[in-house]
Amino acid sequence: MKKLFSLFLVLTMVLAFVPAAMADDPIEIGVISYNWANTFQSYLNAGFRYWNEQYDNVNITLYDGENDQSIENDKIDIMLNKGIDVLCCNLVDTAAAPTVIEKCRAAGVPIVFYNKMPAPEALASYDHCLYVGVTTRNQGKLQGEFYQQALESGKFDTNGDGKLQYVMIQGQPGHSDVVERYGGFKEYLDGNGIPYEELDAQTADWDAAKAKSLMETWIGKYGETIEIVFAQNDAMAIAAVEALRGAGLINETSMIPVVGINALPETSQLIKDGFMLGSVLTNPTAVANASVDLAIRAVETGATYETWCEGTQWVLEADRSVRIPDVVITAENVDIAVDAYKR
């Protein structure tokens, strides 16, 4: 009898750690984004839908956080109550990471944070989570490279003072991407001793309509004194181009250069047509791919984050992150951005 009971205990323990991939039921991945109305997020969602079709025995369900952390928290509760196996989470507010982590810890659910990186101490508090995304500070540095190249070309220093007068359209105040992209931009210019003059830098909350209104205000205030425009995402960059074209400052023969971040398909066309200088590609298909790959690994192995990248193309960094490389996009290589968004 004792032998039979011991055998039962051994079998119970083994079955408790059978990887999900061996089960008949599909792996349930809950994906929540901070705001479906955001243009880049819509492409991330498309990426998740694409990868959902590429895997057998995986079911991905998308949820909208509606740009409200309390709504996002409620929808995470709904997912956990439905019995998801793993959560992919793009936080509305990165300060909410500890709350989300505690919800998932209590449910025994691993987390792949994506697009917005929680604070290091939050990630370090749970061994079944990591972050997937781009390096936002580097994106700012790449915009700094755009500035340097534009200055060195000699085409845009219209007043001949040896520097470019620029304006910067920023995202949501306090957002980590805003702080990091602006910091990286200034760090590159200051670190390389590149002369510049900032005419203005204001927020447009990642919103195209607000960005266009802000750009129109600046055109009225500074006019052709503006020699280059930077926007912290492409939706705002496109809006700036529209305002400048409406004022005749971008036309078939001349332009005030505009540089964005994301390299959206709409941006690629403007770059091809010569109405925009360039952008920085933040590949949504790759972000979604890495998030789904690692979510599956988290469930299949049942192990902590250290092992999730083993045997994959993804590289785990020391800060518990997997980084998708940024690419500078200009008229010369714009097809790289076009290809990245095809899926």
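Everything below is about the structure printed above this text.
Conventions used here
- Residues numbered from 1 in each chain as written.
- Predicted model: local features only at pLDDT ≥ 70, side-chain atom pairs only at ≥ 80, totals over all residues.
- Heavy atoms only, no water.
- Salt bridge = Lys/Arg side-chain N within 4 Å of Asp/Glu carboxyl O.
- Helix = DSSP H or I, 4+ residues; strand = E, 2+ residues; numbered from the N terminus.
- Buried < 20%, exposed > 50% of the residue type's maximum accessible area, 1.4 Å probe, protein only.
- Pairing = 2+ DSSP bridges.
- Right-handed = clockwise from strand over helix to strand, strands pointing away.
- Axes fitted to C-alpha atoms, helices over the stretch in contact; angles between N-to-C directions.
- Parallel < 35°, antiparallel > 145°, perpendicular 65-115°, else oblique.
- Left-handed = near helix turned anticlockwise from the far one by under 90°.
- Contact = heavy atoms within 4.5 Å.
- Nonpolar A, V, L, I, M, F, W, Y, C, P; charged D, E, K, R; others polar.
- Expected span 1.5 Å × (residues − 1).

Draft legend 1. Geometry of the pattern of salt bridges. Inspection of every chain in the model, using the stated rule, returns 12 salt bridges. Glu187 is paired through a salt bridge with Arg137; the nearest N and O atoms lie 2.9 Å apart. Taken together, the residues Glu187 in helix H7 (residues 176-191) and Arg137 in helix H6 (residues 136-153) connect sequence positions 50 residues apart. Since its relative accessible area comes to 35%, Glu187 is described here as partly exposed. Using a relative accessible area of 28% as the deciding quantity, one classes Arg137 as partly exposed. A salt bridge links Asp319 to Arg323; the shortest N-O distance between them is 3.1 Å. Shared partners join several salt bridges into a network, and the residues in it are Arg137, Lys141, Glu180 and Glu187.

Draft legend 2. Summary view of the pairing of strand E3 (residues 86-89). Alternating positions in E3 separate into two faces, Val86 and Cys88 on one and Leu87 and Cys89 on the other, with burial throughout. Where strand E1 (residues 27-33) and E3 come together, 4 bridges link them in parallel fashion. In the sheet register, Val31 faces E3, and the bridge partner there is Cys88. In terms of strand pairing, E3 meets strand E4 (residues 111-114) through 3 bridges, oriented parallel. Pairing of Cys88 across the sheet is with Val112, part of E4. This β-α-β element, E3 to helix H4 (residues 97-107) to E4, shows right-handed connectivity.

Draft legend 3. Summary view of the packing of helix H9 (residues 234-246) against helix H10 (residues 265-272). One can describe the packing of H9 onto H10 by two numbers: an axis separation of 9 Å at closest approach and a directional angle of 40 degrees. The pairing of H9 with H10 is recorded here as oblique in orientation. The crossing of H9 and H10 is left-handed. Contacts from Asp234, Ile238, Val241 and Arg245 in H9 reach Glu266, Thr267 and Leu270 in H10. Split by residue class, the contact of H9 with H10 holds 3 nonpolar, 1 polar and 3 charged.

Draft legend 4. Inspection of the sheet that holds strand E6 (residues 164-170) at higher detail. Across the sheet, 4 strands lie side by side as E7-E6-E8-E9; this open sheet has parallel pairing. The open sheet has two free edges, formed respectively by strand E7 (196-203) and strand E9 (258-259), since each of these has just one partner strand. Running over the sheet, H7 touches E6, E7 and strand E8 (228-231) and is turned about 165 degrees from E6. Strands E6, E7 and E8 of the sheet are contacted by helix H8 (residues 208-222), whose axis makes an angle of about 140 degrees with E7.

Draft legend 5. Here's a closer look at H6. Between the first and last C-alpha of H6 there are 26 Å, a value that for 18 residues agrees with the 26 Å anticipated at 1.5 Å per step. For H6, the set of buried residues is Thr136, Gln139, Gly140, Leu142, Gln143, Gly144, Phe146, Tyr147, Ala150 and Leu151.

Draft legend 6. Looking closely at the sheet that holds E3. Read across the sheet, 6 strands follow the order E2-E1-E3-E4-E5-E11 without closing on themselves; strand pairing throughout is parallel. Looking at which strands have only one partner, the edges of the open sheet turn out to be strand E2 (58-64) and strand E11 (321-323). In this sheet, adjacent strand axes meet at a mean angle of 20 degrees when their direction is disregarded. Examined bridge by bridge, E4 and strand E5 (residues 129-133) share 4 bridges and lie parallel to one another. Across the sheet, the residue bridging to Phe113 is Tyr131, located in E5. Contacting E1, E2 and E4, helix H2 (residues 39-54) crosses the sheet at an angle of about 165 degrees to E2. On top of the sheet, helix H11 (residues 284-301) reaches E1, E2, E3, E4, E5 and E11; it is set at about 140 degrees to E1, its chief contact.

Any functional reading would require information that these geometric values do not contain.
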